[in-house]
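# What the coordinates show
For reference, the chains in residue letters:
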Amino acid sequence: MRPQLHHQVEPLPTPSDLSQSLFRTRQQTLSLAAPLGAEDQAAQASEDASPTKWHLAHTTWFFETFVLQPFLPGYKVFDERFNYCFNSYYETQGARQPRPMRGLLTRPTCFEVQDYRAYVDEALQSLFGSAVADDPEARSRIALGVNHEQQHQELLLTDVLSLFALSPLRPAYRDGGRTHAREDVSPLNFVGFDGGRRAIGHMGEGFAFDNESPRHDVLLQPFTLADRLITNAEWLEFMRGGGYGASNLWLADGWARITKEGWCAPLYWEERDGQWLQMTLWGLQTIDPAAPVCHISFYEADAYARWAGKRLPTEFEWEVAAEDIAVAGNMLSRGALQPLPASGGNGVRQMFGDAWEWTQSAYAPYPRYRSSAGALGEYNGKFMCNQQVLRGASCATPDSHARRTYRNFFYPHQRWQFCGLRLADDA
C-alpha cells in the first residue's frame, strides 16, 4: 500500500472526531514499533521494504509538510534536513534519500525520530486548539494523513517480517506462538452471482482514496466465486503436482521470474527434514494446512488458478460479491498477525482480513478519473501502470482502513505483503 490522494467527501469529520482518530492512530504506530530494538528499527531487508524508523519518521514528515507548514501559523520545522531523509516519492518536494538506501540512514537515531514525532504531535495538538481546525482543507489533509499512516502501519509489520525472515536466528516479533486451534480444511464451494450492469466505486460517504472514484457502471457476465481463500494444504498439492515446473501454467513474465529466482514455494516457506515451515511474525512455525496461503505473487496466484481449471476474479466481480458482506474479519485489532482458517458459515467468507486477494484486473484509472494538482496529486495517478489490483484486507490491516471499494495495488512479482488468492469462474 502507498500514500494516495484521497477523494474529498462531505461531511468531513468534526474536529473532535478527527482529533481522536489522529492521535489514536499516532499512538497505534508507536505501539507497533514498541517490541523492536534500536537495531531492529534501523535495518532494511530489501528495496521493497523500509526500516521501521523510516516509517515512523515519514508519517511524521507527512503531517509536518502537508498540514503544519501550510496551516499552523508560526510553525517551525523540526529539522530542515529531514525533508531529504523522509520524503518518499513527492518530486515537487525535492530530492530525497533513494529508496533502496533507506537502511543507511543511521542518523537521525530512532530516539531522535521519537523526539520528532513528539514535536509534531504537540504542534498538531496546537492546531486543533486553534481556528484552523475548522478549515475544511486542513481537516481534509489530516484525514488523509491518518489513512496514510494506517497504510504504513501495515507496511511496518510486513517489513519487519521480511527483515526477521533474513535473520539466521529467525526471531519472533511477538512471543506466544499460534493464536488459534488447528482446524480441518473446509471443502471449497463456489457461489453464483448474476451478471448485468452494476455500479462500481466509492459512493461518496466517508473517506476514500481518489483511485476509488468516480463511481461508474460496468457490465458483468454471470460468474462464480470461491467461498473462501485457497489454503496451504491446497497450495502444497499444487507444489507436489509440479505446478512450479509446468511452464504451460505460467505467464511468460512469471515463468521468467521463477526461473531466474528459483521460486519453488511461497515466500518465507522453507523445508526441513521433509517438513514445510513458514516464517511468521510469531517466528518460524510449521505450516498450518487450513490457513490461507500467503506471500505469493500475482504470477503464482494466476498459475494456481490455471492449474485448478479456474481463474482469478476481476476487481469488479470481487466488489459486487462483497456488497452485502460486513467489513469485518481477521484484521489488525484481532492480534493474530497471520492468516487464520476460514470459519463456518454460508456464502462467501474471508472477504476482509487474513490476506489481500489478487485480482486479474490491471491497476488503471476509472473512467473520468483526474488526478489533482500539486504534490498530493502526483502520487497515485502516476503509478497506474504495470501493477495489479488486490481487494479485501489482511491480518495486518487496521480495521477502520478496510472498505469494499479499496483498491490496493502491487507489482505482479512482489510477495512480501500478506497476499493470497480466491478462485473465480464463469457461470
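Where an unreviewed UniProt entry is consulted, the protein chain appears under the name Ergothioneine biosynthesis protein EgtB, with the organism given as Methylocella tundrae. Regarding the protein chain, the UniProt comment filed under Pathway (unreviewed entry) reads as follows: "Amino-acid biosynthesis; ergothioneine biosynthesis."

## Details of the packing of helix H3 (residues 52-71) against helix H5 (residues 110-128)
Between H3 and H5, the least distance of the axes is 10 Å, while the angle of their chain directions is 30 degrees. Comparing the axis directions of H3 and H5 gives the class roughly parallel. Considering only the axes of H3 and H5, their crossing is left-handed. In this structure, H3 uses Lys53, Leu56, Ala57, Thr59, Thr60, Trp61, Phe63, Glu64, Val67, Leu68 and Phe71 to contact H5, whose residues at the interface are Cys110, Val113, Tyr116, Arg117, Val120, Ala123, Leu124 and Leu127. For the contact of H3 with H5, the per-class residue count stands at 14 nonpolar, 2 polar and 3 charged.

## Quick word on the UniProt feature "domain: DinB-like" (unreviewed entry) in the protein chain
When the UniProt feature table is mapped to this numbering, "domain: DinB-like" (unreviewed entry) covers residues 24-154. As a span, residues 24-154 carries 60% helix and 0% strand, and end to end its C-alpha atoms are 15 Å apart.

## Side note on the sheet that holds strand S14 (residues 424-426)
Spatial strand order, S2-S6-S14: 3 strands in an open sheet with antiparallel pairing. The open sheet has two edge strands with one neighbour each: strand S2 (190-193) and S14. Within the sheet, the average angular offset between the axes of one strand and its neighbour, ignoring direction, is 25 degrees.

## Thoughts on the domain arrangement of the protein chain
Domain assignment breaks the protein chain into domain 1 (15-166) and domain 2 (190-426). Facing the 29 residues of domain 1 at the interface are 28 residues of domain 2. Put simply, domain 1 and domain 2 have 0 salt bridges between them. At the boundary of domain 1 with domain 2, the tally comes to 10 residue pairs in polar contact (both at pLDDT 80 or more). Sorting the residues of the side of domain 1 that touches domain 2 by element identifies helix H1 (15-33), H3 and helix H6 (136-164) as the ones contributing at least two each. For the side of domain 1 that touches domain 2, the leading source of residues is H6, giving 16 residues.

## A word on the confidence of the model for the protein chain
On average, the protein chain scores 94 in pLDDT, and the residues at 70 or more come to 96%. The low-confidence segment residues 1-10 (pLDDT under 50) makes 53 contacts with residues lying over four places distant or belonging to another chain.

## Examining H5
With 19 residues, H5 should reach 27 Å at 1.5 Å per residue; the first-to-last C-alpha distance of 27 Å fits that figure. Within H5 the residues assigned to the buried category are Cys110, Val113, Tyr116, Arg117, Val120, Asp121, Ala123, Leu124, Leu127 and Phe128. All buried residues of H5 project into a common sector of 165 degrees when viewed along the axis, lining one side. Exposed and facing more than 90 degrees away from the buried side of H5 are Phe111 and Glu122. Where H5 is buried, its residues contact H1, helix H2 (38-42), H3, helix H4 (82-86) and H6.

## Observations concerning the pattern of salt bridges
Summed over all chains, the structure comprises 23 salt bridges. Between arginine 349 and aspartate 227 there is a salt bridge, with its nearest N and O atoms 3.1 Å apart. You can see arginine 349 sitting in the loop between helix H10 (315-321) and strand S10 (356-362) and its partner aspartate 227 sitting in the loop between strand S6 (223-226) and helix H7 (232-240), a full 122 residues away along the chain. Taken individually, arginine 349 and aspartate 227 each receive the classification buried, so the pair is uniform in this respect. Within the structure, one salt-bridge network assembled from shared partners comprises Arg26, Arg117, Asp121 and Glu149.

## Comments concerning the UniProt feature "domain: Sulfatase-modifying factor enzyme-like" (unreviewed entry) in the protein chain
The UniProt record marks residues 191-322 and 345-424 with the feature "domain: Sulfatase-modifying factor enzyme-like" (unreviewed entry), using the residue numbering of this structure. Secondary structure content for residues 191-322 is 27% helix and 25% strand, while the C-alpha to C-alpha distance between its ends is 12 Å.

## Structural notes on the packing of aromatic side chains
The full count for this structure, using the stated rule, is 32 aromatic pairs. Cluster of aromatic residues (ring-pair linked, three or more members): Tyr75, Phe78, Phe82, Phe86, Tyr116 and Tyr119. Across from the ring centre of tryptophan 263, 3.9 Å away, lies the NZ or CZ of arginine 415, which sits over that ring.

## Considerations on the sheet that holds strand S7 (residues 269-272)
Here we have 3 strands laid out as an open sheet, ordered S7-S8-S9, and antiparallel in their pairing. Across the chains shown, the open sheet's two edge strands, defined by having one partner strand only, are S7 and strand S9 (283-286). On average, adjacent strands in this sheet sit at an angle of 35 degrees to one another, irrespective of strand direction. Pairing of strand S8 (residues 275-280) with S9 involves 4 bridges; the strand directions are antiparallel. Along S9, the bridge assignment pairs threonine 280 with glycine 283. Relative to the sheet, H7 contacts S7 and S8, its axis offset from that of S7 by approximately 70 degrees.

Parameters and conventions
- The written sequence of each chain sets the order in which its residues are numbered from 1.
- Reporting of local features is limited, given that this is a predicted model, to residues whose pLDDT is at least 70; pairs of side-chain atoms are given and counted only at 80 or more, and all residues count toward the totals for whole chains, interfaces and linings.
- To get the side-chain values, all heavy atoms of the structure are used, and hydrogens and water are removed first.
- UniProt positions are given in the numbering used here, feature names are shortened, and annotations may be inferred rather than shown by experiment.
- Only the stretch in contact is used when fitting a helix axis, every axis being a line fitted to C-alpha atoms; angles between N-to-C directions are given from 0 to 180 degrees.
- Comment: elements are numbered from the N terminus, with helices defined as DSSP H or I runs of at least four residues and strands as E runs of at least two.
- In these notes the angle categories are as follows: under 35 degrees is roughly parallel, over 145 is roughly antiparallel, 65 to 115 is roughly perpendicular, and the rest is oblique.
- For a crossing to be left-handed, the near helix must be turned anticlockwise from the far one by less than a right angle; the clockwise case is right-handed.
- In this analysis, two residues are considered to be in contact whenever any of their non-hydrogen atoms come within 4.5 Å of each other.
- Polarity classes work like this: nonpolar for Ala, Val, Leu, Ile, Met, Phe, Trp, Tyr, Cys and Pro, charged for Asp, Glu, Lys and Arg, and polar for all others, with Gly in that last group.
- Strands are treated as partners if at least two bridges between them are detected by DSSP.
- For every domain, the bounds stem from an assignment made automatically or drawn from a database.
- Each reported salt bridge corresponds to a side-chain nitrogen of Lys or Arg within 4 Å of a carboxyl oxygen of Asp or Glu.
- Residues adjacent in sequence count toward polar contacts only when both atoms are side-chain atoms; beyond that, a polar contact is any pair of N or O atoms within 3.5 Å, and within protein one must be able to donate a hydrogen and the other to accept it.
- Confidence of the prediction at every residue is given by pLDDT, a number between 0 and 100.
- Here, expected helix span is obtained from the residue count minus one, scaled by 1.5 Å.
- Only protein chains enter the accessibility calculation, which uses a 1.4 Å probe; a residue whose area is less than 20% of its type maximum is buried, one above 50% is exposed, and one in between is partly exposed.
- Our arc is simply the arc of the directions from the helix axis toward the C-beta atoms.
- Think of it this way: a Phe, Tyr or Trp ring, Trp meaning its six-membered ring, pairs with another when their centres are within 6.5 Å, and the plane angle makes it stacked under 30 degrees, edge-to-face over 60, tilted otherwise.
- Only when the NZ of Lys or the CZ of Arg is both within 6 Å of the ring centre and within 35 degrees of the ring normal is a charge said to sit over the ring.

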